Amino acid sequence: MAKVSLTTPVTEEQIRSLEAGDKVLLSGVVYTARDAAHKRLVEALDEGEELPFAVEGNAIYYVGPCPAKPGEVIGSAGPTTSYRMDPFAPRLIKEGLRIMIGKGERNDEVIDAMKAQGAVYLGAIGGAAALISKCIKEAEVIAYDDLGTEAVRRLLVEDLPVICVIDSQGNNLYRRD
Amino acid sequence: MRTIKAEEISRAVAKLCIDANYNLGEDIVNEYKLAYQRENSDVAKEILQQLSKNAEIAKEDQVPICQDTGMAVIFLELGQDLRVVEGDLYQAINQGVSAGYTEGYLRKSVVNDPLIQRKNTEDNTPAVIHTEIVPGDQLKITVAPKGFGSENMSQLKMLRPTDGVEGLKTFVLKVVKEAGPNPCPPIVVGIGIGGTVEKAALLAKKSLLRPLGVYNDDEKFKNLEQELLEEVNRLDIGPQGLGGLTTALAVNIETYPTHIAGLPVVVNINCHVARHKEVVL
Ligand code: SF4
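From a predicted model like this one, the values you see are computed outputs, not experimental measurements.

Analysis parameters
- Residues numbered from 1 in each chain as written.
- Chains lettered and ligands numbered in written order.
- Predicted model: local features only at pLDDT ≥ 70, side-chain atom pairs only at ≥ 80, totals over all residues.
- Heavy atoms only, no water.
- Helix = DSSP H or I, 4+ residues; strand = E, 2+ residues; numbered from the N terminus.
- Rg over C-alpha atoms; globule rule 2.2 N^0.38 Å.
- Buried < 20%, exposed > 50% of the residue type's maximum accessible area, 1.4 Å probe, protein only.
- Contact = heavy atoms within 4.5 Å.
- Pairing = 2+ DSSP bridges.
- Axes fitted to C-alpha atoms, helices over the stretch in contact; angles between N-to-C directions.
- Buried area = accessible area lost by both parts, 1.4 Å probe.
- Salt bridge = Lys/Arg side-chain N within 4 Å of Asp/Glu carboxyl O.
- Polar contact = N/O pair within 3.5 Å; in protein donor to acceptor, adjacent residues only side chain to side chain.
- 1 Å grid on protein atoms, 1.4 Å probe; cavity = no way out; pocket = protein on both sides within 12 Å on 5 of 7 lines; lining within 4 Å.
- Points joined across faces, edges and corners; volume = space filled by probe spheres on them.
- Near = heavy atom within 4 Å.
- Sits in = over half its atoms within 2 Å of the grid points.
- Nonpolar A, V, L, I, M, F, W, Y, C, P; charged D, E, K, R; others polar.
- Domains from an automatic or database assignment.
- Phe/Tyr/Trp six-rings, centres within 6.5 Å; stacked < 30°, edge-to-face > 60°.
- Lys NZ or Arg CZ within 6 Å of the ring centre and 35° of its normal.

1. Quick word on the overall build of chain B
Along the backbone of chain B there are eight helices and 10 strands. Rg of the C-alpha trace for chain B: 19 Å, near the compact-globule value of 19 Å for 281 residues, within the 12% margin. Along the first, second and third principal axes, the C-alpha set of chain B runs to 55 × 50 × 40 Å. The buried share among the 281 residues of chain B stands at 55%. Within chain B, counting contacts between residues at least 6 apart in sequence, those at least 24 apart form 81% of the total.

2. Quick look at the sheet that holds strand E2 (residues 71-79) of chain B
Each strand in a sheet pairs with another by means of backbone hydrogen bonds, the pair being arranged parallel or else antiparallel. Residue and element names in this part refer to chain B. Strand order in the open sheet formed by four strands is E4-E2-E5-E10, with mixed pairing between adjacent strands. Across the chains shown, the open sheet's two edge strands, defined by having one partner strand only, are strand E4 (128-134) and strand E10 (277-280). In this sheet, adjacent strand axes meet at a mean angle of 15° when their direction is disregarded. Relative to E10, strand E5 (residues 139-146) runs antiparallel, the two being bridged by four bridges.

3. A word on the side chain of B:Gln50
Note that B:Gln50 resides in helix H3 (residues 42-61). When near neighbours in sequence (up to four residues on either side) are disregarded, B:Gln50 contacts A:Ile125 and A:Leu131.

4. Brief notes about the interface of chain B and chain A
Every contact between the two is made by 36 residues of chain B and, on the other side, 34 residues of chain A. Between chain B and chain A, the buried area comes to about 2,800 Å², and carbon and sulfur atoms account for 59% of it. In terms of surface lost to chain A, no three residues of chain B exceed B:Gln67, B:Tyr105 and B:Arg107, which account for 25% of the buried area on that side. At the boundary of chain B and chain A, one finds three salt bridges. Ionic pairing is found between B:Asp236 and A:Arg176, a salt bridge with its closest N-O pair at 3.8 Å. In this assembly, chain B and chain A are joined by 18 residue pairs in polar contact (both at pLDDT 80 or more).

5. Some details on the layout of surface pockets
Reported here for the largest pocket is a volume of approximately 1,200 Å³. In terms of lining, the largest pocket is formed by 49 residues, of which the most central are A:Arg34, A:Glu150, B:Ser109, B:Val111 and B:Arg118. Among the elements of the structure, helix H2 (35-46) of chain A together with helix H5 (148-151) of chain B are those that each provide at least two residues to the lining of the largest pocket.

6. Details of the site of the ligand
Near the ligand you find 13 residues, and of these A:Gly127, B:Cys66, B:Cys184, B:Cys271 and B:Arg275 are the closest. If you map the ligand onto the pockets, it falls in the largest pocket. Taken together, the residues of the shell around the ligand sort by class into five nonpolar, five polar and three charged. Looking at which domains feed residues into the shell around the ligand, each of domain 1 (2-20 + 65-146) and domain 2 (149-274) of chain B supplies at least three.

7. Things to note about the pairing of E2(B)
Put simply, side chains in a regular strand alternate between the two faces of the sheet. All names here are of chain B. Most of E2 sits inside the fold, with seven of its nine residues counted as buried. Sheet topology places E2 next to E5; eight bridges connect them, and they run antiparallel. Within E5, the residue paired with Ala72 across the bridge is Pro145. Sheet topology places E2 next to E4; seven bridges connect them, and they run parallel. By the bridge assignment for E4, Phe75 is matched with His130.

8. Quick look at the domain arrangement of chain B
By convention, interface size is frequently given as the accessible area that disappears when the constituent parts associate. Residues and elements named next belong to chain B. Taken domain by domain, chain B holds domain 1 (2-20 + 65-146) and domain 2 (149-274). Just the C-alpha atoms count here: the centres of domain 1 and domain 2 sit 26 Å apart. On the domain 2 side, the residues contacting the 10 residues of domain 1 number 12 residues. Counting each side, the surface lost to burial between domain 1 and domain 2 is near 780 Å², with a carbon and sulfur contribution of 72%.

9. Overview of unusual backbone geometry
For residues that are not glycine, phi is negative in most cases, and the peptide bond is trans in most cases. Following A:Thr8, the chain continues into A:Pro9 via a peptide bond in cis, with omega recorded as -5°. Locating A:Pro9 in the fold gives a position in the loop between strand E1 (3-7) and helix H1 (12-16). Across the junction of B:Pro185 and B:Pro186, the peptide omega takes the value 10°, indicating a cis bond. For B:Pro186, the location among the structural elements is in the loop between helix H6 (164-179) and strand E7 (187-195). Although it is not a glycine, B:Tyr105 adopts a positive phi angle of roughly 55°. Considering the arrangement of structural elements, one finds B:Tyr105 in the loop between helix H4 (89-103) and E4. For B:Tyr105, a relative accessible area of 26% corresponds to the partly exposed category.

10. Focus: the packing of aromatic side chains
Residue and element names in this part refer to chain A. Inspection of the entire model under this criterion finds one aromatic pair over all chains. Ring centres 4.1 Å apart and planes at 15° place the aromatic pair Tyr31 and Phe53 in the stacked group. Note that Tyr31 is positioned in strand E2 (residues 23-32) and Phe53 in the loop between H2 and strand E3 (59-61), a separation of 22 residues in sequence. On the accessibility criterion, Phe53 (6% relative accessible area) is buried. Note that Arg106 overlies the ring of Tyr121, its terminal NZ or CZ placed 4.9 Å from the centroid.

The structure is reproduced here in structure tokens:
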């Protein structure tokens, strides 16, 4: 279990060197997307359209934040449960997505895609949303504005505390037996 | 007959929505600390510490503890000698929810139709309202914002009467195990036993309103709550599903008489952000 600082965008090599159990402080740009946005992203790929952000080497954080209070960058912003994104994640991983941040289990299709392409699943602490929002320095809606809290946002994060739950070998901290 | 203005009810509901989402109950905060002392894994300790810190930040900055500020579940105990004037009771409640979620910068997480359109209603209404008519001339309002990470992990089972205590335990442990890391453990397990399908579900939800450290009045069920808590905590799911002794903070059981042919059980899971605030008007 190492302590690692990582800044996006990342290379396959950097991702392959992470191990389940590593404590990661993540910095750089991460994009937010939940169920509804994932559905649209994958539909866009199916239609051969360009995505609203480059997936290659990047990170998606599964979050629907609270509205920002006046003078704040963003409201509370903890992870949502990841399995709802499982039907869409392998497709994005094939496009070069390297990091997913959420909470809770992933299915075997997602894990297989992570192993094949070199991607990791990082767990943020579910419910620690006020604490996590302190690490978010910039936030801007970049697509699907009509989805409200579920819109795609570009976040700039600094030392976001996460744990590598599933690494690119498929080692999974949730399955310990 | 005593009267109360609808507007007064709206104002109270708005305040409760905000209060419940910003200020975690002292019982939960204290339990985080006790659990921290009991745990022997570093990861579990660190997570519990972060949860304490998160609750502190939320309280100090007056921001939501969790970004999922829930669907507003509201329990009313309406005295039969109280009359609501100058407005409609349920409308007043929903106006309160709308005002609270808007003024409190809480997330609006409700969609208009559950299956086809799924369009956000933009003010977190409607609330889910449960009303009980009771003696007296007061109105007790409890607001319990319910996050869906944990709600989604809840299950119903119509057990056979002969399945008995063992059947119940097996089912509860199965539900908690299947939920695993998804409902943001440590969780609170609410169990409704008896009645009919909807009665059991309501009992399970209601049991989640109990403060930690308060048990079922009936000694038999109190013992069962404690046994189940021990067994749940032996599953080694732990905080955030990363292992440890603290899978649940409490197991609460509520019961009701049932039919000779049935034994309905609903397990309603709540997360560590176990929110509920009440007021008596
Ligand atoms: S389950 Fe609870 S703690 Fe987890 S994200 Fe939902 S409301 Fe927040």
